[in-house]
Amino acid sequence: MFNYAINVTKNNLTMNTDKFILLHVGGNDATELLQDALKQGSERGLFVRCDIGKKLTKYFEEFSKRGYYPTGMIVNPETENLEFIFNRHPHQLEKMKLNEYQHKDPNKL
């Protein structure tokens, strides 16, 4: 489940982008993150009816079968692309790999 969004704007990270990051946090870490957010004044309960949860679950299942373990997503509202941040299984075979984009500077959004 994606539990937290970090907005990246020109003002707070001096980047010229409207992209944002969704982090994947599970188990006890998710509970702690939620509790911290609520303590800091965040609220929950705003829902939108859409199938994105089903689609993301399908992607996560497919990725894990191929040796990828998503830890987050970079969302660019100007395109229909989602970029996944992932850990790789240490024994992932070359034939399991999907098309991966190599960034010149992976630290920039």
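Residues numbered from 1 in each chain as written. Predicted model: local features only at pLDDT ≥ 70, side-chain atom pairs only at ≥ 80, totals over all residues. Heavy atoms only, no water.

Novice: Can you walk me through the overall build of the protein chain in this structure?
Specialist: Looking only at helices and strands, the protein chain has three helices and four strands in total. A total of 109 residues make up the protein chain; the buried ones form 18% of that total. Across the protein chain, the fraction of contacts at a sequence separation of at least 24, relative to all contacts at a separation of at least 6, is 47%. As presented, the protein chain carries roughly 9300 Å² of accessible surface, and 51% of it is formed by carbon and sulfur atoms. (Helix = DSSP H or I, 4+ residues; strand = E, 2+ residues; numbered from the N terminus. Buried < 20%, exposed > 50% of the residue type's maximum accessible area, 1.4 Å probe, protein only. Contact = heavy atoms within 4.5 Å. Areas by Shrake-Rupley, 256 points an atom, 1.4 Å probe, with all protein chains shown as cover.)

Novice: Teacher, can you tell me more about helix 3 (residues 52-65) here?
Specialist: In an α-helix, one turn spans 3.6 residues; hence positions three or four apart end up facing the same way. If you check helix 3, its first and last C-alpha atoms are 20 Å apart, about what 14 residues at 1.5 Å a residue would give, namely 20 Å. Along helix 3, the residues that are buried comprise L56, F60 and F63. Along helix 3, the residues classed as buried sweep out an arc of 65 degrees about the axis, all on the same side. Turned more than 90 degrees away from the buried face of helix 3 sit K54, K58 and K65, all of them exposed. (Expected span 1.5 Å × (residues − 1). Arc of directions from axis to C-beta.)

Novice: Would you mind showing me how to read the pattern of salt bridges here?
Specialist: A side chain with one charge may pair with a side chain of the opposite charge, provided their charged atoms come close. This model, assessed by the stated rule, comprises four salt bridges. Ionic pairing is found between R66 and E62, a salt bridge with its closest N-O pair at 2.9 Å. Given a relative accessible area of 26%, R66 falls into the partly exposed group. (Salt bridge = Lys/Arg side-chain N within 4 Å of Asp/Glu carboxyl O.)

Novice: Explain the packing of aromatic side chains to me, please; I cannot follow it from the model alone.
Specialist: For any two aromatic rings, the description comes down to two numbers: the centre-to-centre distance and the angle of the planes. Tallying each qualifying case throughout the model produces six aromatic pairs. For the pair F60 and F84, a centre-to-centre distance of 6.0 Å together with 70 degrees between the ring planes defines the contact as edge-to-face. Placement of F60 in helix 3 and of F84 in strand 4 (residues 82-88) is noted, with a sequence separation of 24 residues between them. Residue F60 is classed as buried on the basis of its relative accessible area, which comes to 17%. When its relative accessible area of 16% is taken as the criterion, F84 is described as buried. Consider the rings of F63 and Y68, whose centres lie 6.4 Å apart with planes at 70 degrees: the pair is edge-to-face. F63 gets classed as buried once you look at its relative accessible area, which sits at 14%. We classify Y68 as buried; its relative accessible area is 4%. (Phe/Tyr/Trp six-rings, centres within 6.5 Å; stacked < 30°, edge-to-face > 60°.)

From the geometry alone we can't say anything about function, so treat these as descriptive.
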